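# Observations on chain architecture
Each chain, letter by letter, is given below.
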Amino acid sequence: MTALAAASRDTWLLFRHGFAVTMQQKVGVVFGAVQPLLFLVLFGPIFATIGTWETLVPGLIVQLGLMSTGLAGFGIVMESRFGVLERMRVTPASRLALLLGRVLNNVVTLAVQTALLLVAGFAFGLRVPLAGLLAAFVLVLLLGAGLAALSYAAALTLNEHLFAPVMTTVVVPLTLLSGAFLPMSMAPGWLNAISYVSPFRYVLEALRELFAGHYASTTVHVGAAVTVAFAGLGVAVGTRVFHRENA
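Note that this is a predicted model, so its numbers are computed, not measured. (Residues numbered from 1 in each chain as written. Predicted model: local features only at pLDDT ≥ 70, side-chain atom pairs only at ≥ 80, totals over all residues. Heavy atoms only, no water.)

## A look at the pattern of salt bridges
One pass over the structure, following the stated rule, counts one salt bridge. Between Glu205 and Arg201 there is a salt bridge whose closest N-O contact spans 2.8 Å. On the criterion of helical spacing, the pair formed by Glu205 and Arg201 is a turn pair, its members being four residues apart in helix H11 (residues 199–211). (Salt bridge = Lys/Arg side-chain N within 4 Å of Asp/Glu carboxyl O. Helix = DSSP H or I, 4+ residues; strand = E, 2+ residues; numbered from the N terminus.)

Printed below as a string of structure tokens:
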């Protein structure tokens, strides 16, 4: 068996195991989407008086991605604390498979949570062309893969007691600077300029364009390029840290 085939098999086995565990905690999957859903229900009707659901819902999806996959490293902190990660180190599974199996589980979980949010959005009045919805979904899953991989890298690098406060502190400004709740074009010039440093702004603007049915705009192309680059960087960094910490 080639190294690639072995890594693919190990990734699939680890994903199946992780996803089975996740599905045993269905309440946790739903609970992970509660905050964006609350924003949709409690803030959405107010926002709809000055904007549209097609503007708000993509922002809530980005918020969901940051909260769900961005905090995925919590799982590996617990695995490390209870020796699960240590036991997995001595298995024949490649370090890349140890990472990708987890990331794939997080991405599928994010897909389920995003679907729940979209169903609620459609109930409130969201209207999106199918092609735009599917393209946006692909970008969201790529973004989630990069976020999850970086989250695992942070969890393995930071002290286990620092991971939670550091990551939860980082998520809030990243969400706000992406323009999740109001487009950054409405912000003061200095704040708008700072937001261009965040890759999530470009992803979010691409999602809004796709939700509006605009597929060939420069905004979509830039957002897609940033998303792919971010996902690739996240997996590369995560793989490097996994190799280093589990050598």
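## Description of empty space enclosed by the protein
If a probe as big as a water molecule is rolled over the atoms, it shows which places are left empty. By the definition in use, this model includes one cavity of 30 Å³ or more. If you add up the space inside the largest cavity, you get close to 30 Å³. If you go around the largest cavity, the residues you meet are Ile61, Leu118, Leu133, Ala136, Phe137, Val140, Leu207 and Phe211. For the lining of the largest cavity, the elements supplying multiple residues, two or more each, are helix H8 (130–157) and H11. For the lining of the largest cavity, the class distribution of residues is eight nonpolar, no polar and no charged. (1 Å grid on protein atoms, 1.4 Å probe; cavity = no way out; pocket = protein on both sides within 12 Å on 5 of 7 lines; lining within 4 Å. Points joined across faces, edges and corners; volume = space filled by probe spheres on them. Nonpolar A, V, L, I, M, F, W, Y, C, P; charged D, E, K, R; others polar.)

## Considerations on the packing of aromatic side chains
For the structure shown, the criterion picks out nine aromatic pairs. Look at Phe15 and Phe19: their rings are 5.5 Å apart centre to centre, the planes differ by 25 degrees, and that puts the pair in the stacked class. Placement of both Phe15 and Phe19 in helix H1 (residues 3–23) is noted, with a separation of four residues, approximately one turn of the helix. The structure contains a cluster of three or more aromatic residues connected by ring pairs, namely Phe39, Phe43, Phe47 and Phe181. Over the ring of Tyr196 we find Arg201; its NZ or CZ atom is 3.9 Å from the centre of that ring. (Phe/Tyr/Trp six-rings, centres within 6.5 Å; stacked < 30°, edge-to-face > 60°. Lys NZ or Arg CZ within 6 Å of the ring centre and 35° of its normal.)

## Focus on the nonpolar core
Ranked by internal contacts, the top residues of the largest apolar core, which has 57 residues, are Val57, Val103, Tyr152 and Phe211. If you list the elements that add at least two residues to this core, you get helix H3 (34–47), helix H4 (53–68), helix H5 (73–81), helix H7 (95–124), H8, helix H9 (160–177), H11 and helix H12 (218–245). When residues of this core are assigned to their parent elements, the largest contribution, 14 residues, is made by H8. Apart from the residues within four sequence positions on either side, Tyr152 is in contact with Ala72, Gly73, Ile76, Leu99, Arg102, Val103, Asn106 and Phe242. (Core = buried A, V, L, I, M, F, W, Y, C linked by side-chain atoms within 4.5 Å. Buried < 20%, exposed > 50% of the residue type's maximum accessible area, 1.4 Å probe, protein only. Contact = heavy atoms within 4.5 Å.)

## Focus on the environment of Leu207
In this fold, Leu207 is placed in helix H11. Each C-alpha atom, one on Leu207 and one on Ala224, is 9.3 Å from the other, the two residues being 17 residues apart in sequence. Dropping the residues within four chain positions of it, Leu207 is found in contact with Pro58, Val62, Ala136, Leu139 and Val140.

## As for H9
Over its 18 residues, H9 extends 27 Å from the first C-alpha to the last, a length consistent with the 26 Å expected when each residue adds 1.5 Å. For H9, the set of buried residues is Phe163, Met167, Val171 and Thr175. Down the axis of H9, the sector holding all buried residues measures 65 degrees, keeping them to one side. In H9, the exposed positions angled more than 90 degrees off the buried face are occupied by His161 and Thr169. After H9 finishes, the residue Gly179 shows a positive phi value of roughly 85 degrees. (Expected span 1.5 Å × (residues − 1). Arc of directions from axis to C-beta.)

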